[in-house]
Amino acid sequence: MTTDSMMATNAYRLFINRLCRSCPLKDQCSMLKNFIEKQERISLESTSLNHSDVQTIDNHLTIPSTQHCFLCIDVLHRYTSDEFIQRIKQTAQSATSDFQSFCCNLTLPLNLFIRHAYLLKFLNKFVGECNEKDLPIIKDQWRNLMIDRLEEALERPYQIESPFEINITFDFSGETEELNFLRRFRYADNPKLQKSNANEAFTRQAVTSVLNDITFEDFEKYYKPPIDGKTSCTILAQHDSVFVAGRYNKYSRTLSQTPWVIDGIRKAETSVEELITLPISKLVSAKHHAFLSSGREDVDVRTLGRGRPFVLEFRQPSRILYQLEEFRAVQHEINTLTKDVRVRDLQQVSKEDSNQIKEGEEEKTKCYEALCYTETQIDQNELDQRLASVSNPLIIEQKTPIRVLHRRTVMTRQRSITELSAISIDSYHFRLRLTTQAGAYVKEFVHGDFGRTKPNLTMILDRFVDILELDVLAVNINFPPMLENEHDQKQQDDICDINGK
């Protein structure tokens with residue numbers, strides 16, 4: 001290839017005339033830098049970048065006065081200025097006031113991959129062997145220019161795994177037009193598929209795949225980039241969620257755990273979730289929150305003992321650091337405002353610790369006490385004899401209960417019962433105490449659910465048994481940590497091992 005033929009290419013005019021003289025990408029790519037310097041030494045007028053000049057690539061493409069650096073679309077120029085740093089700072093501080101570190105994630109227009117591929121093929125054809133590793137990455141160059149300055153402006157360290165993310169998305173007004181260049185080569189060996197997918201969106205993987213099959217000559221013939229396009233960007237900042245954990249007691253038999261809404265109509269005035277969440281959300285301000293507990297009790301079931309563990313996830317929080325005293329104050333407020341719910345051990349926990357609430361879901365155990373009724377008389381001796389004959393552990397199989405068929409998958413679940421005892425109240429009533437594997441349906445174990453749970457208490461006692469009241473005495477999971485200043489009643493601890501032993 002002669003120098004004249006090289007200078008006649010669209011690529012030459014784009015990469016010589018359309019790169020800002022101070023473009024960091026040019027400086028970081030030694031092959032491109034040496035090539036441009038060589039052209040300057042032989043005084044080619046077309047190599048100078050004059051913003052008032054008009055350059056012509058071919059009969060179909062006229063370059064007006066420069067709107068952007070062709071290779072970095074101004075990402076490394078206008079978007080590395082002091083003014084842009086102040087814009088990032090303002091966004092970060094308005095999102096979360098007390099973040100401790102930060103990281104930056106950049107999303108760039110896909111048409112940059114096309115331009116870099118074109119440059120790579122141009123250098124290989126006219127300058128020398130060059131591969132992708134020889135071309136600097138815009139994201140890396142941006143970070144090299146910005147991170148130290150951002151650390152100084154934000155007064156926080158940059159950490160790759162920081163929970164506080166500053167997401168910067170760049171858009172280019174001519175991206176869609178430029179990507180259309182690739183459609184000619186996409187599914188080129190299957191015209192029918194090419195036609196049916198004519199409007200299919202491009203992903204980074206798809207762009208890279210198509211570019212691998214495009215030659216330099218293809219670029220020269222068909223590639224007509226919108227050189228007067230404009231770059232814009234949006235900045236979003238958010239911190240990882242704040243997690244607040246505790247345990248709750250529920251003393252009401254008419255209170256649901258979560259808002260009870262059917263067909264858009266509320267069936268109850270409030271819920272456990274709302275009684276707990278609303279006061280806490282006044283302290284922990286966030287755009288969204290989610291309530292998660294270690295299992296759930298029915299509306300008519302109380303939760304006693306040390307209560308049921310729960311976690312509140314506050315997403316996109318405006319503040320992340322809290323003192324234990326602040327949670328103690330909120331806990332006191334909750335316990336003062338209602339007699340139906342009581343909270344203890346309220347504290348901030350890490351995301352990793354919050355996962356304990358769902359880890360080992362099948363292995364953890366729960367302790368219950370049920371008030372039961374029999375159709376025929378039974379005394380303490382018979383209760384003891386019949387329950388003593390049961391294997392330990394007792395393995396039961398439960399088909400999905402009739403009462404939850406509308407919202408649970410129909411299947412048979414195997415669960416274990418490790419402790420089973422009863423105390424007679426009178427000839428027709430007794431209190432049943434049992435420790436079960438999590439997920440067991442205690443009500444159905446008592447009455448049998450028309451034979452859908454086997455074996456069941458009705459079978460064991462050889463008479464129909466029904467359940468009148470049910471209480472959860474303990475959820476055996478070591479989460480969250482018990483706070484030192486908590487001096488709660490430890491009723492049932494001799495029967496239900498809180499430590500899960």
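Structure first, text after, so check above.
A brief look at the structure comes next. On a predicted model such as this, the values are computed, not experimentally measured, just so you know.

Side note on the overall build of the chain
Along the backbone of the chain there are 17 helices and 17 strands. Counting over 501 residues, the chain shows a buried share of 48%. Restricting the contact set of the chain to residue pairs at least 6 apart, pairs at least 24 apart contribute 78%. Per element, the accessible surface of the chain, about 25,500 Å² overall, is 47% carbon and sulfur.

Quick word on the pattern of salt bridges
Applying the stated criterion to the full structure yields 23 salt bridges. Here Asp345 makes a salt bridge to Arg306, at a shortest N to O gap of 2.4 Å. Taken together, the positions of Asp345 in strand 11 (residues 341–349) and Arg306 in strand 10 (residues 301–317) put the pair 39 residues apart, joining distant regions of the chain. Each member of the pair Asp345 and Arg306 is classed as buried. Salt-bridge contacts for Arg315 lead to Glu313; the nearest nitrogen and oxygen are separated by 3.5 Å. Overall, the relative accessible area of 37% leaves Arg315 in the partly exposed class.

Some points on helix 5 (residues 82–95)
For helix 5, which comprises 14 residues, the first-to-last C-alpha distance of 20 Å matches the rise-based estimate of 20 Å (1.5 Å per residue) to within 8%. Turning to helix 5, its buried residues number three or more, namely Phe84, Ile85, Ile88, Thr91, Ala92 and Ala95. Projection of helix 5 onto a plane perpendicular to its axis shows the buried side chains occupying an angular sector of 125°, all on one side. Facing away from the buried surface of helix 5 by more than 90 degrees, the exposed residues are Asp82, Glu83, Gln90 and Ser94.

Observations concerning the sheet that holds strand 5 (residues 231–239)
Strands sit in the order 3-4-5 across an open sheet of 3 strands; the sheet is mixed. With partners counted over all chains shown, the strands left at the sheet margins are strand 3 (103–107) and strand 5, one partner each. The sheet shows a mean angle of 20° between the axes of neighbouring strands, taken without regard to direction. The strands touched by helix 7 (residues 138–154) within the sheet are strand 3 and strand 4 (164–172), with strand 3 carrying the most contacts at an inclination of about 145°.

Conventions and cut-offs
- Counting restarts for each chain, with residues numbered from 1 along the sequence as it is written.
- It should be noted that, the model being predicted, local features are given only for residues of pLDDT at least 70 and side-chain atom pairs only at 80 or more, the latter also being counted only at that level, while totals for whole chains, interfaces and linings use all residues.
- Hydrogens and water are ignored here; the side-chain numbers use all heavy atoms of the structure.
- Helix and strand definitions here come from DSSP, where helices need a minimum of 4 consecutive H or I residues and strands a minimum of 2 consecutive E residues; each element is numbered from the N-terminal end.
- Under the scheme applied here, a residue whose accessible area is under 20% of the maximum for its type counts as buried, over 50% as exposed, and between as partly exposed, the area being computed with a 1.4 Å probe on protein chains only.
- Contacts are assigned to residue pairs that have any heavy atoms within 4.5 Å of one another.
- In short, Shrake-Rupley with a 1.4 Å probe defines the accessible areas, and a residue's cover is counted only from the protein chains shown.
- Salt bridges are defined as contacts in which a side-chain nitrogen from Lys or Arg sits within 4 Å of a carboxyl oxygen from Asp or Glu.
- A helix is expected to reach a length of 1.5 Å times the quantity of its residues less one.
- Directions drawn from the helix axis to the C-beta atoms are what define this arc.
- Any two strands between which DSSP finds at least two bridges are classified as paired.
- Angles shown run from 0 to 180 degrees and are taken between the N-to-C directions of axes, each axis being a line fitted to C-alpha atoms and, for helices, limited to the stretch in contact.

That's the geometry; what it means functionally is another story.
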